[in-house]
Amino acid sequence: MKADLQYLLSDMDKLSSVPDVYIQLDEAIRSSRASAGHISSIISQDSSLSVRLLKIVNSAFYSFPRHIDTISRAVIVVGTQQLRDLALATSIINTFKNIPVQFITMDSFWKHSIACGVASRIIASYFKEPNIERYFVAGMLHDIGRLIIVSKIPEYAERVFSLAAASATPLYKVEREVLGFDHAKVGSALIQLWKLPKSFEEIILFHHNPTNAKQFELETSVIHIADAIVHAMSLGNSGELFVPPINEKAWTTIGLSIDVLPNIINLIDKQVNDVFIRFNT
Amino acid sequence: MPKIFIDDLTSKMVLEEPVKDQHGLLLFQKGIVVTENIIKTLREWEVFEVSIEGNDHEQTSSIDPLILKFAKIEIQDLFCNNIHRGPFTSELIRHITHRLAVRCSKGMSNES
């Protein structure tokens, strides 16, 4: 018997919801009220979020020459959209931190997710993207569907993990066989439920098959390549034992010279632990 | 043209190609004899590989062959779901194998 995607998502609002502060920030940015002061006041309402954001903006992520000690300064230096996206990232980790899961360790899962976000952000920085934080968020969320699978239907998850390990098959292929859908489909459905940007929906849905993406092929290709690099570097673990099949066309779509690859790997090594510690505390 | 990693670069080697930084800025002309200062500069500019005259040996030559063999087996295993490898995958495997071999040589694990 196959699992039911609707059941998986049926009470997601009880398990987690998109953070209020993200909705407020998004509304403010879309309206004419997006002054630095207004954005700061929304973030400052949540003191725990403010502390987490200040830790992140003072991390290896940015390497600012001076310490940033106030949210109003962070808004000016980092940018409103960027800070909104970082607020989303840190709030989601916080929301999912304490859900009970088996078969994967949360620390390892988030290390893989954050590493994928860091790698995506580094790759995006090569083509002068104005808001590279959205690549960080997309990379960080790419496997979120797996957390839902292991927490809501552990009996199915156990079978998926056993079969994948025994046959050295990528987890997403075994998920499709056993469940009738994969973690990418679940993650994408969650993004839709949360009413997050459409780009996240498509990136997450096609991160194993980036050439199937219609509107956001470049973004999806970046996350696909970042995921492969991070798996190869063995940074954390989202349950997958091997590097998933790499679609070479994704690298062609990104359009970077292969000469930048060692630099990308080196930058990931330099940033990932610092960023992980700051996101995870 | 085979390249060698900066970790394996030593004085008196000769650059076979001009060396540029990540933004395409020329750092050293071809034909220059490598010195310790040049190696230091390359590290500072985050250049990781250069082409060297007469370099027909394995690029990871300074690493213990046994460690290199171990790293190659480990990484091949990790890429078992990538049988048909294109240029990107092949380069990724090459760099990750070197990274693992260097980390093993320093007594570190694959993971950061």
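What you are looking at is a predicted structure, and each value in this text was computed from that prediction instead of being measured. Sequence order as written defines the numbering, with residues in each chain counted from 1. Chains carry letters from A onward and ligands carry numbers from 1 onward, assigned in written order. Per-residue local features are limited, in this predicted model, to residues with pLDDT of at least 70; the limit for side-chain atom pairs, both in listing and counting, is 80 or more; totals at the level of whole chains, interfaces and linings are taken over all residues. Only hydrogens and water are set aside; all other atoms, that is, all heavy atoms of the structure, feed into the side-chain values.

Before going further, it helps to spend a moment on the overall build of chain A. Secondary structure elements are taken from DSSP: a helix is a run of H or I of four residues or more, a strand is a run of E of two residues or more, and numbering for both begins at the N terminus. Helix and strand content of chain A: 17 helices and 0 strands. The reference for a compact globule is 2.2 Å times residues^0.38; the radius of gyration itself is calculated from the C-alpha atoms. A compact globule built from 281 residues would reach a C-alpha radius of gyration of about 19 Å, and chain A, at 18 Å, matches this within 12%. Taking all 281 residues of chain A together, the buried fraction comes to 60%. Contact criterion: two residues are considered in contact whenever any of their non-hydrogen atoms come within 4.5 Å of each other. Long-range pairs, those at least 24 residues apart, make up 68% of the contacts in chain A with a sequence separation of at least 6. Between the averaged position of the 26 positive side-chain charges in chain A and that of its 28 negative side-chain charges there is a distance of 4 Å. With a 1.4 Å probe rolled over the protein chains alone, any residue whose accessible area is under 20% of its type maximum counts as buried; one over 50% counts as exposed, and the rest are partly exposed. When charges are counted, Lys and Arg contribute as positive and Asp and Glu as negative, whereas His and the chain ends are disregarded. In plain terms, the charge of a residue is placed at NZ if it is Lys, CZ if Arg, CG if Asp and CD if Glu.

Once that is clear, we can look at the domain arrangement of chain A. Residues and elements named next belong to chain A. Domain ranges listed in this record stem from an automatic or a database domain assignment. Segmenting chain A into domains produces domain 1 (1–16 + 99–281) and domain 2 (19–98). When each unit is reduced to the centre of its C-alpha atoms, the spacing between domain 1 and domain 2 is 23 Å. Contacts between the two partners involve 34 residues from domain 1 and, on the opposite side, 23 residues from domain 2. Two parts placed together each lose some accessible area under a 1.4 Å probe, and the buried area is that loss summed for both. Roughly 2,400 Å² of surface becomes buried between domain 1 and domain 2 when both sides are summed, with 68% attributable to carbon and sulfur atoms. We define a salt bridge as a contact between a side-chain nitrogen of Lys or Arg and a carboxyl oxygen of Asp or Glu at a distance within 4 Å. Our count for the domain 1 to domain 2 interface comes out at 0 salt bridges. Pairing of N or O atoms within 3.5 Å defines a polar contact, subject to two protein rules: one partner must be a possible hydrogen donor and the other a possible acceptor, and residues neighboring in sequence count only if both atoms are side-chain atoms. Between domain 1 and domain 2 we count 7 residue pairs in polar contact (both at pLDDT 80 or more) in total. Looking at the side of domain 1 that touches domain 2, the elements that each hand over two or more residues are helix 2 (12–15), helix 8 (106–126), helix 9 (133–141), helix 10 (144–152) and helix 17 (261–279). Note on residue categories: nonpolar means Ala, Val, Leu, Ile, Met, Phe, Trp, Tyr, Cys or Pro, charged means Asp, Glu, Lys or Arg, and polar means any other residue, Gly included. Class assignment of the residues belonging to the side of domain 1 that touches domain 2 gives a composition of 23 nonpolar, 5 polar and 6 charged.

What follows covers helix 7 (residues 80–96) of chain A. The span you would expect from a helix comes to 1.5 Å times its residue count less one. Relative to the 24 Å expected for 17 residues at 1.5 Å per residue, helix 7 of chain A spans 24 Å between its end C-alpha atoms, a close match to the ideal helical length. Among the 17 residues that make up helix 7 of chain A, 13 are buried, leaving the element largely enclosed by the rest of the structure.

Glancing now at helix 14 (residues 198–205) of chain A. Since the α-helix advances by 3.6 residues per turn, residues separated by three or four positions end up pointing in the same direction. All names here are of chain A. For helix 14, the tally of buried residues reaches 6 of 8 residues, placing the bulk of the element in the interior. Along helix 14, the residues classified as buried are S199, F200, E201, E202, I203 and I204. Where helix 14 is buried, its residues meet helix 7, helix 9, helix 13 (183–193) and helix 15 (217–232).

This next bit is on the pattern of salt bridges. Considering all chains together, one arrives at 15 salt bridges over all chains under this definition. In this structure, D269(A) and R99(B) form a salt bridge, with 2.9 Å as the shortest nitrogen-oxygen distance. Taken together, the positions of D269(A) in helix 17 and R99(B) in helix 3 (residues 87–105) put the pair across two chains. Residue class for D269(A) comes out partly exposed when judged on its relative accessible area of 21%. For R99(B), a relative accessible area of 7% translates into the label buried. Residues E91(B) and R94(B) are paired through a salt bridge, measuring 2.9 Å at the closest nitrogen-oxygen approach. Within this pair, E91(B) and its partner R94(B) are both found in helix 3, separated by 3 residues, close to a single helical turn.

Residue and element names in this part refer to chain A. Pairing of aromatic side chains requires ring centres within 6.5 Å, counting the rings of Phe and Tyr and the six-membered ring of Trp. Pairs whose planes differ by under 30 degrees are stacked, by over 60 edge-to-face, and all others tilted. The full count for this structure, using the stated rule, is 8 aromatic pairs over all chains. Taking the centre distance of 5.1 Å and the plane angle of 10° together, the rings of Y62 and F64 count as stacked. We classify F64 as partly exposed; its relative accessible area is 27%. Ring geometry for F109 versus W110: centroids 5.2 Å apart, planes at 85°, classification edge-to-face. The exposure class of F109 is buried, given its relative accessible area of 0%.

The subject of this paragraph is the nonpolar core. To define a nonpolar core, start from buried Ala, Val, Leu, Ile, Met, Phe, Trp, Tyr and Cys residues and group those joined through side-chain atoms within 4.5 Å. One finds L86(A), F96(A), W110(A), F136(A), I229(A) and L92(B) to be the most contacted residues of the largest nonpolar core, which totals 117 residues. Considering each element in turn, this core owes the most residues, 11 residues, to helix 8 of chain A. Ignoring anything within four residues of it in the chain, the contact list for W110(A) reads I92(A), I93(A), F96(A), M140(A), I144(A), L147(A) and F276(A). In this structure, L9(B), M13(B), L15(B) and F28(B) belong to the second largest nonpolar core, which totals 15 residues.

Attention shifts here to the side chain of S199(A). Tracing the backbone shows S199(A) in helix 14. Beyond its immediate stretch of four places on either side in the chain, S199(A) contacts R134(A) and F216(A).

This part takes up the packing of helix 8 of chain A against helix 15 of chain A. Residues and elements named next belong to chain A. Convention adopted: a line fitted to C-alpha atoms gives each axis, helices being fitted over their contacting stretch, and angles between N-to-C directions are expressed from 0 to 180 degrees. The geometry of helix 8 relative to helix 15 is characterised by a closest axis approach of 8 Å and an angle of 125° between their N-to-C directions. Here helix 8 is positioned oblique relative to helix 15, judged by the angle of their axes. Every pair of crossing elements has a handedness; the one defined by helix 8 and helix 15 is right-handed. Contact residues: H112, A115, C116, A119, S120 and I123 in helix 8; V222, I223, I225, A226, D227, I229, V230 and H231 in helix 15. Just so you know how the angles are binned, under 35 degrees is roughly parallel, over 145 roughly antiparallel, 65 to 115 roughly perpendicular, and the rest oblique. For any pair of crossing helices, the crossing counts as left-handed if the nearer helix is rotated counterclockwise from the farther one by less than a right angle, and right-handed if it is rotated clockwise.

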